[in-house]
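So the chains spell out like this:
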Amino acid sequence: MCGIIGAIAHANVVPVLLEGLLRLEYRGYDSAGLVVTNHGLQRVRTTGRVTELSKLVAQQRAQGLAGIAHTRWATHGEPSERNAHPHFSGEISRIAVVHNGIIENHEAIRSHLINKGFKFSSDTDTEVIAHLIAFNLEQVTDLFQAVCLSIAELQGAYAIAVMEEAHPERIVVARNGAPLLLGIGKSGNYVASDTSALLQTTRDIIYLEEGDVAELSSRGYRIVNCLRNHLGEAVERAVHESHLSNEAIGLGPYAHFMQKEIFEQPSAVANTLEMVFNAQSISPNLFGSEAEEIFSSINHILILACGTSYHAGLVARYWLETVAGLPCNVEIASEYRYRNPVTDPNTLVIGISQSGETADTLAALNYAKKLGHQYSLAICNVPESALIRQTDLRFLTRAGPEIGVASTKAFTTQLASLLLLTVTLAKMRHKLSSEDEQRMIASLRHLPVALQHALQVEPQVRIWAKRFAQKRHALFLGRGVHYPIAMEGALKLKEISYIHAEAYAAGELKHGPLALVDSEMPVVAIAPNDQLLGKLKSNLQEVHARGGELYVFADADSHITQGENLHVIRLAEHAGLLSPILHTIPLQLLAYHVALERGTDVDKPRNLAKAVTVE
Ligand code: G6P
């Protein structure tokens with residue numbers, strides 16, 4: 001999704017802006033642009049990739065001591081050069097704006113500004129901000145005040161960076177609902193929507209808060225909270241040292257980030273569970289210092305999440321109910337935030353998110369709090385994210401940066417964390433004997449090795465992928481705790497190969513999808529040797545009898561025999577409770593290899609974004 005980088009320094013900032021945009025590429029975008037101060041504001045925009053922008057920048061000799069840059073993921077107006085950021089207002093002393101998020105009242109402001117004589121040259125809500133600031137700049141003395149006045153009129157979630165042609169010595173930025181960070185450097189100051197874009201220059205980071213407006217110059221910065229403090233008094237914001245590793249963001253020997261991230265899963269899970277490996281028993285403190293007290297007060301769990309993280313929640317429900325005996329609801333965040341659910345204050349609300357910046361998940365969590373839920377826990381992969389800062393308790397999935405838009409290692413580390421939570425709660429609720437606890441610790445210790453074994457099915461999956469690549473549709477079946485894994489497998493396939501894929505609880509087959517089954521519809525089944533295997537086999541018979549082609553992911557002892565139209569890949573071991581984590585691996589590999597066969601953009605699938613920071 002859209003990304004912002006801005007820089008003001010003692011030397012040409014163009015290399016910093018371009019490198020920043022490259023670092024933001026993983027979020028997904030359809031156009032890119034920048035503005036630099038070069039005897040006025042020089043703007044370069046393209047609907048191509050950042051490398052294309054770099055070429056244009058070189059051709060047009062764009063350079064300057066200050067600049068703002070942006071990757072755009074279209075929300076208002078088609079992806080086109082005229083809709084790409086930065087947007088301008090004014091002809092004599094121009095204003096340039098880049099913006100992440102959505103301005104909800106843009107239509108009302110647009111008509112007001114048109115009546116005042118402003119001319120619009122794009123379909124974006126961002127251009128409204130540029131003209132509004134230009135309009136307000138006529139009423140006040142400087143850009144900083146004009147931005148403060150303007151954000152008071154804006155509704156929605158946004159982060160902006162603004163420059164003024166007449167005053168190239170400063171950049172003004174503002175945040176409300178979308179993340180924005182300042183990078184405090186030795187030879188300049190920077191702003192970005194994501195830490196990864198800043199690490200090239202500095203590790204000293206300030207997280208702006210809602211309503212903050214900041215002014216950056218090459219020598220310093222000041223921050224005012226315009227929503228709370230209309231007098232414009234400066235506020236203090238702590239400078240944090242970022243520990244994100246730079247190498248973790250590189251591709252290494254892999255062809256794609258998704259491939260790298262699939263193969264990183266054994267170490268990602270090992271990092272996530274590290275504290276358990278050295279422990280004799282599992283302690284609630286892993287989730288925060290207040291965890292013991294909060295966990296003993298709850299009698300219900302509510303999980304809020306989107307996309308792949310939502311699927312992790314669905315798996316956790318089976319674990320929490322079966323092992324910890326806790327009732328659990330799992331809700332799609334964008335649905336929950338607009339419902340009127342019945343609340344129970346003794347509920348632990350869990351937000352699951354790789355990025356910790358997903359707008360719907362953050363809003364759903366806030367809504368749950370407003371409804372009276374008093375306890376919250378974040379399961380999140382980004383220590384410096386909004387979600388982590390909003391909850392009472394937190395557990396970090398230590399997967400490292402996930403760059404591929406389609407989530408892989410974040411998912412399996414979320415599952416590992418949720419299993420750990422289940423065991424913790426089960427123990428506190430006296431549902432787990434100490435022998436069971438020891439057995440669980442042993443299984444968790446073994447998990448990275450089991451994942452390594454699961455990755456070894458890749459050559460067999462590659463053969464299947466060649467057949468799948470010719471198909472237009474696929475059906476994924478699972479039962480029980482493996483039903484959400486089927487959902488995740490279908491999601492992976494559609495995200496990156498663009499093959500239409502649907503997941504069904506296998507028992508639902510007869511209630512509709514069986515009508516679709518023919519030789520052109522491959523049916524993937526997740527068939528580990530669990531208590532539902534017998535039932536699943538009957539469902540597979542139903543497919544087989546109708547000429548459907550079955551692709552079954554089984555365990556070593558699932559007793560399903562390969563035959564005509566029945567292909568089987570076996571994982572080396574059945575992992576009991578951990579089985580859904582292992583069965584995720586071949587499905588990720590299948591999606592990856594099908595996408596390779598079809599030649600799609602694996603890491604940046606069309607129309608999708610990594611961090612969905614707008615509603
Ligand atoms: C986007 C990503 C998905 C991700 C979802 C939720 O759609 O492309 O991979 O699962 O957002 O993101 P989160 O960061 O909250 O887990």
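As shown above, the structure is provided for reference.
Predicted model, so just to flag it, every value in this text is computed and none were measured.

(A) The arrangement of unusual backbone geometry in detail. At the junction of His85 and Pro86, the peptide bond is cis and its omega measures out at 0° in the coordinates. One non-glycine residue, Asn565, lies in positive phi territory at about 60°. Mapped onto the elements, Asn565 comes out in the loop between β23 (549–555) and β24 (566–571).

(B) Fine view of the sheet that holds strand β22 (residues 522–527). Strand order across the open sheet formed by five strands is β21-β20-β22-β23-β24, with parallel pairing between neighbours. The open sheet has two edge strands with one neighbour each: β21 (500–505) and β24. Between one strand axis and the next, the sheet turns through 20° on average, direction left out of account. Here strand β20 (residues 473–478) pairs with β21 via six bridges, running parallel. Note that in β21 the partner of Leu477 across the bridge is Tyr504. Relative to β21, helix α17 (residues 483–497) is tilted by about 175°, and along the sheet it contacts β20, β21 and β22. Strands β20, β22, β23 and β24 of the sheet are contacted by helix α19 (residues 579–598), whose axis makes an angle of about 140° with β23.

(C) Seen up close, the packing of helix α14 (residues 409–428) against helix α15 (residues 434–455). One way to put it is that α14 packs onto α15 with a least axis distance of 11 Å and a crossing angle of 170°. Judged by the angle between their axes, α14 and α15 are roughly antiparallel. Residues Ala416, Leu419, Leu420, Val423 and Lys427 of α14 form the contact with α15, whose own contacting residues are Glu437, Met440, Leu444 and Leu447. Its residues assigned to classes, the contact of α14 with α15 comprises seven nonpolar, no polar and two charged.

(D) Structural view of α19. With 20 residues, α19 should cover 28 Å at 1.5 Å per step; its first-to-last C-alpha distance of 30 Å lies within 8% of that length. The buried fraction of α19 amounts to 17 of the 20 residues, a majority that puts the element mostly inside the structure.

(E) Geometry of the site of the ligand. Not every one of the 13 residues close to the ligand is listed here, only the nearest: Ser309, Ser353, Gln354, Ser355 and Thr358. A distance of 2.7 Å separates an oxygen atom of the ligand from a polar atom in the backbone of Gln354. The separation between an oxygen atom of the ligand and a polar main-chain atom of Ala609 is 2.9 Å. In isolation the ligand has 380 Å² of accessible area, and contact with the protein removes 90% of it. Examining the composition of the shell around the ligand, we find that three residues originate from one element, helix α11 (residues 307–323), more than from any other. Residue composition of the shell around the ligand, by class: four nonpolar, eight polar and one charged.

(F) Representation of the pattern of salt bridges. Counted according to the given criterion, the structure contains 23 salt bridges. We note a salt bridge from Glu209 to Arg237, for which the minimum N-O separation is 3.6 Å. Placement of the pair is Glu209 in the loop between β11 (204–207) and β12 (212–216) and Arg237 in the loop between β13 (221–225) and β14 (240–241), with a sequence separation of 28 residues. Note on Glu209: relative accessible area 36%, which makes it partly exposed.

(G) A look at the nonpolar core. Counting 89 residues, the largest nonpolar core has Ile301 and Phe476 as its most contacted members. The contact partners of Phe476, leaving out residues within four places of it in the chain, are Ala486, Gly489, Ala490, Leu493, Ala501, Glu502, Ala503, Tyr504, Val524 and Leu587. With 29 residues, the next largest nonpolar core counts Ile95, Leu143, Phe144 and Ile151 among its residues.

(H) Fine view of the packing of aromatic side chains. If you walk through the whole model with that rule in mind, you get eight aromatic pairs. Here Trp464 and Phe553 contribute two aromatic rings whose centre-to-centre distance is 5.0 Å and whose plane-to-plane angle is 50°, an arrangement assigned as tilted. Note that Trp464 is positioned in helix α16 (residues 458–468) and Phe553 in strand β23, a separation of 89 residues in sequence. Taken as a pair, Trp464 and Phe553 share a single burial class, namely buried. Where Phe468 meets Tyr551, the ring centres are 4.8 Å apart and the plane angle is 65°; that geometry is what we call edge-to-face. Remark: Tyr551 occurs in strand β23 and Phe468 occurs in helix α16; sequence separation between them is 83 residues. Note on Phe468: relative accessible area 1%, which makes it buried. Here the aromatic residues Trp464, Phe468, Tyr551 and Phe553 are joined through ring pairs into a cluster of three or more. In this structure, Arg110 is placed above the aromatic ring of Phe120, and the distance from its NZ or CZ to the ring centre is 4.5 Å.

(I) Representation of the environment of Ile569. Considering the arrangement of structural elements, one finds Ile569 in strand β24. For Ile569, a relative accessible area of 1% gives the class buried. Ile569 sits 109 residues away from Gln460 along the chain, and the two C-alpha atoms are 7.2 Å apart. With sequence-adjacent residues up to four places away left out, Ile569 is seen in contact with Val457, Gln460, Val461, Trp464, Val552, Phe553 and Ala554.

So, how was this worked out
Residues numbered from 1 in each chain as written. Predicted model: local features only at pLDDT ≥ 70, side-chain atom pairs only at ≥ 80, totals over all residues. Heavy atoms only, no water. Helix = DSSP H or I, 4+ residues; strand = E, 2+ residues; numbered from the N terminus. Pairing = 2+ DSSP bridges. Axes fitted to C-alpha atoms, helices over the stretch in contact; angles between N-to-C directions. Contact = heavy atoms within 4.5 Å. Parallel < 35°, antiparallel > 145°, perpendicular 65-115°, else oblique. Nonpolar A, V, L, I, M, F, W, Y, C, P; charged D, E, K, R; others polar. Expected span 1.5 Å × (residues − 1). Buried < 20%, exposed > 50% of the residue type's maximum accessible area, 1.4 Å probe, protein only. Near = heavy atom within 4 Å. Polar contact = N/O pair within 3.5 Å; in protein donor to acceptor, adjacent residues only side chain to side chain. Areas by Shrake-Rupley, 256 points an atom, 1.4 Å probe, with all protein chains shown as cover. Salt bridge = Lys/Arg side-chain N within 4 Å of Asp/Glu carboxyl O. Core = buried A, V, L, I, M, F, W, Y, C linked by side-chain atoms within 4.5 Å. Phe/Tyr/Trp six-rings, centres within 6.5 Å; stacked < 30°, edge-to-face > 60°. Lys NZ or Arg CZ within 6 Å of the ring centre and 35° of its normal.

Shape descriptors only; they carry no functional weight alone.
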